[in-house]
Amino acid sequence: MILAFQIVVVICSLILTLLVLLHKGRGGGLSDLFGGGVSSSLGGSSVAERNLDRITIGVGLIWFAAIVALGLLYKLG
(Lines give C-alpha, C1' and ligand atoms only; values in the text may rest on other atoms or scores of the structure.)
Protein backbone atom coordinates (compact mmCIF):
# COMPACT_ATOMS: atom_id res chain seq x y z
CA MET A 1 0.00 0.00 0.00
CA ILE A 2 2.82 2.40 0.86
CA LEU A 3 4.55 1.59 -2.42
CA ALA A 4 1.39 2.47 -4.37
CA PHE A 5 1.17 5.90 -2.71
CA GLN A 6 4.87 6.50 -3.29
CA ILE A 7 4.39 5.78 -6.98
CA VAL A 8 1.40 8.15 -7.09
CA VAL A 9 3.48 10.90 -5.44
CA VAL A 10 6.34 10.47 -7.92
CA ILE A 11 4.03 10.47 -10.96
CA CYS A 12 2.06 13.48 -9.69
CA SER A 13 5.29 15.34 -8.96
CA LEU A 14 6.52 14.83 -12.51
CA ILE A 15 3.16 15.84 -13.98
CA LEU A 16 3.00 18.94 -11.75
CA THR A 17 6.47 19.97 -12.89
CA LEU A 18 5.41 19.68 -16.52
CA LEU A 19 2.15 21.55 -15.93
CA VAL A 20 3.84 24.42 -14.08
CA LEU A 21 6.34 24.78 -16.91
CA LEU A 22 3.46 24.99 -19.40
CA HIS A 23 1.79 27.84 -17.51
CA LYS A 24 1.94 31.35 -18.84
CA GLY A 25 4.62 33.45 -17.27
CA ARG A 26 5.36 37.02 -18.29
CA GLY A 27 5.06 35.87 -21.87
CA GLY A 28 4.42 32.63 -23.65
CA GLY A 29 2.63 29.71 -22.14
CA LEU A 30 0.37 27.07 -23.57
CA SER A 31 -1.88 29.47 -25.48
CA ASP A 32 1.07 31.09 -27.27
CA LEU A 33 2.48 27.69 -28.08
CA PHE A 34 -0.56 26.94 -30.23
CA GLY A 35 -0.90 30.40 -31.78
CA GLY A 36 -3.46 31.98 -29.47
CA GLY A 37 -1.18 34.67 -28.13
CA VAL A 38 -2.96 37.69 -29.62
CA SER A 39 -6.45 36.63 -28.59
CA SER A 40 -5.39 35.59 -25.09
CA SER A 41 -3.66 38.90 -24.39
CA LEU A 42 -6.68 40.88 -25.56
CA GLY A 43 -9.44 38.78 -24.04
CA GLY A 44 -7.99 37.60 -20.76
CA SER A 45 -7.07 33.98 -20.25
CA SER A 46 -7.82 31.50 -22.99
CA VAL A 47 -9.69 28.25 -22.69
CA ALA A 48 -6.39 26.36 -22.83
CA GLU A 49 -5.01 28.34 -19.91
CA ARG A 50 -8.16 27.85 -17.83
CA ASN A 51 -8.16 24.12 -18.51
CA LEU A 52 -4.46 23.97 -17.66
CA ASP A 53 -5.25 25.71 -14.36
CA ARG A 54 -7.98 23.20 -13.57
CA ILE A 55 -5.79 20.21 -14.40
CA THR A 56 -2.93 21.62 -12.32
CA ILE A 57 -5.21 22.12 -9.31
CA GLY A 58 -6.62 18.60 -9.69
CA VAL A 59 -3.20 16.96 -9.88
CA GLY A 60 -2.06 19.11 -6.96
CA LEU A 61 -4.96 17.91 -4.83
CA ILE A 62 -4.19 14.28 -5.70
CA TRP A 63 -0.53 14.89 -4.79
CA PHE A 64 -1.53 16.47 -1.47
CA ALA A 65 -3.90 13.60 -0.61
CA ALA A 66 -1.22 11.03 -1.40
CA ILE A 67 1.29 12.86 0.82
CA VAL A 68 -1.21 12.93 3.72
CA ALA A 69 -2.03 9.25 3.19
CA LEU A 70 1.66 8.35 3.19
CA GLY A 71 2.16 10.27 6.41
CA LEU A 72 -0.74 8.47 8.05
CA LEU A 73 0.44 5.07 6.82
CA TYR A 74 3.96 5.70 8.13
CA LYS A 75 2.58 6.82 11.49
CA LEU A 76 0.29 3.78 11.82
CA GLY A 77 2.79 1.28 10.45
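Here is what the cut-offs are and how they apply
- Counting from 1, residues in each chain are numbered in the order their sequence is written.
- Local features in this predicted model are restricted to residues whose pLDDT is 70 or higher, and side-chain atom pairs enter the listing and the counts only when it is 80 or higher, whereas totals over whole chains, interfaces and linings include all residues.
- Think of the side-chain values as coming from all heavy atoms in the structure, minus any hydrogens and water.
- A residue counts toward a patch only above 30% relative accessible area and without a salt bridge, and it is joined to like-charged neighbours within 9 Å or, for Val, Leu, Ile, Met, Phe, Trp and Tyr, to nonpolar neighbours within 5 Å.
- Here the open area of atoms and residues is found with the Shrake-Rupley method and a 1.4 Å probe, where only the protein chains shown may cover a residue.
- Salt bridges are defined as contacts in which a side-chain nitrogen from Lys or Arg sits within 4 Å of a carboxyl oxygen from Asp or Glu.
- For helices the rule is a DSSP run of H or I covering at least 4 residues; for strands it is a run of E covering at least 2, with both sets numbered from the N terminus onward.
- With a 1.4 Å probe rolled over the protein chains alone, any residue whose accessible area is under 20% of its type maximum counts as buried; one over 50% counts as exposed, and the rest are partly exposed.
- Among buried residues, those of type Ala, Val, Leu, Ile, Met, Phe, Trp, Tyr and Cys that are joined through side-chain atoms within 4.5 Å constitute a nonpolar core.
- In this analysis, two residues are considered to be in contact whenever any of their non-hydrogen atoms come within 4.5 Å of each other.

1. Points about a nonpolar patch on the surface
Together, W63, F64, I67, V68 and L72 make up an exposed nonpolar region whose accessible area comes to about 450 Å². Looking at the secondary structure, you find W63 in helix α4 (residues 47-76). When its relative accessible area of 32% is taken as the criterion, W63 is described as partly exposed.

2. Section: the nonpolar core
Counting five residues, the largest nonpolar core is built from C12, L16, L19, L52 and V59. Put simply, the parts of the chain that give this core at least two residues each are α1 (2-22) and α4. Non-local contacts of L19, meaning those with residues more than four positions away in its chain, are made with L52, I55, T56 and V59.

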